[in-house]
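This is what each chain is made of:
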Amino acid sequence: LCDRRQRQMCIRDSVRSLPSPPVHIRTQTACSPAKAYFSGKVRLPVMMTVGKVCAGAVAPCPPGIPLIMPGEVVTIDAARALRDKGIADIPIVV
């Protein structure tokens, strides 16, 4: 009984430690990355950026892979994913 209970606990703990699934976000490009990156920018809370153009790569860690790149329009799905990954604010083209 103890061994069985121990195995169940190990399985449960290993499932909890699995990494979150990858996030797939469809984006729309509004301008070139260079134009967005070198333009005037302001940082706004993530959920206020929907429909605006991102001014810098936003990459939650881990894994450090950008979810949105400069020049892309921030969608509601992107904003929610960034919020869920702990990103509070992002740079937006003025």
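Quantities reported herein were computed from a predicted structural model and do not represent experimental measurements.

1. Section: the overall build of the protein
Inference 1: Per the secondary structure count, the protein includes 3 helices and 4 strands.
Inference 2: Ordered by position in the sequence, the α and β elements of the protein form the string α-β-α-β-β-α-β.
Inference 3: Burial analysis of the protein (94 residues in total) assigns 29% to the buried set.
Inference 4: Just so you have it, the protein exposes about 6,700 Å², and 60% of that area is on carbon and sulfur atoms.

2. Observations regarding the packing of aromatic side chains
Inference 1: Inspection of the entire model under this criterion finds 1 aromatic pair.
Inference 2: Ring centres of tyrosine 37 and phenylalanine 38 lie 5.0 Å apart, and the angle between their planes is 90°; this geometry places the pair in the edge-to-face category.
Inference 3: Residue classification places tyrosine 37 among the partly exposed residues on the basis of a relative accessible area of 44%.
Inference 4: Overall, the relative accessible area of 67% leaves phenylalanine 38 in the exposed class.

3. Here's the deal with a nonpolar patch on the surface
Inference 1: Taken together, the side chains of Met47, Val50 and Ile76 present a nonpolar region at the surface, about 210 Å² in accessible area.
Inference 2: In this structure, isoleucine 76 sits in helix 3 (residues 76-84).

4. As for the environment of tyrosine 37
Inference 1: Mapped onto the elements of the fold, tyrosine 37 is located in helix 2 (residues 33-37).
Inference 2: Counting along the chain gives 20 residues from tyrosine 37 to alanine 57, while the straight-line C-alpha distance between them is 8.7 Å.
Inference 3: Not counting the four nearest positions on each side in its chain, tyrosine 37 is found in contact with Ala55 and Pro70.

5. Notes on the side chain of glutamate 72
Inference 1: Secondary-structure assignment places glutamate 72 in strand 3 (residues 72-73).
Inference 2: A polar side-chain atom of glutamate 72 sits 3.3 Å from a polar atom in the side chain of threonine 27.
Inference 3: Discounting chain neighbours no more than four positions away, the residues touching glutamate 72 are Thr27, Gln28, Thr29, Lys52, Val53 and Cys54.

Procedures and definitions
- Residues numbered from 1 in each chain as written.
- Predicted model: local features only at pLDDT ≥ 70, side-chain atom pairs only at ≥ 80, totals over all residues.
- Heavy atoms only, no water.
- Helix = DSSP H or I, 4+ residues; strand = E, 2+ residues; numbered from the N terminus.
- Buried < 20%, exposed > 50% of the residue type's maximum accessible area, 1.4 Å probe, protein only.
- Areas by Shrake-Rupley, 256 points an atom, 1.4 Å probe, with all protein chains shown as cover.
- Phe/Tyr/Trp six-rings, centres within 6.5 Å; stacked < 30°, edge-to-face > 60°.
- Patch = residues over 30% accessible without salt bridge, like charges linked within 9 Å, V, L, I, M, F, W, Y side chains within 5 Å.
- Salt bridge = Lys/Arg side-chain N within 4 Å of Asp/Glu carboxyl O.
- Contact = heavy atoms within 4.5 Å.
- Polar contact = N/O pair within 3.5 Å; in protein donor to acceptor, adjacent residues only side chain to side chain.

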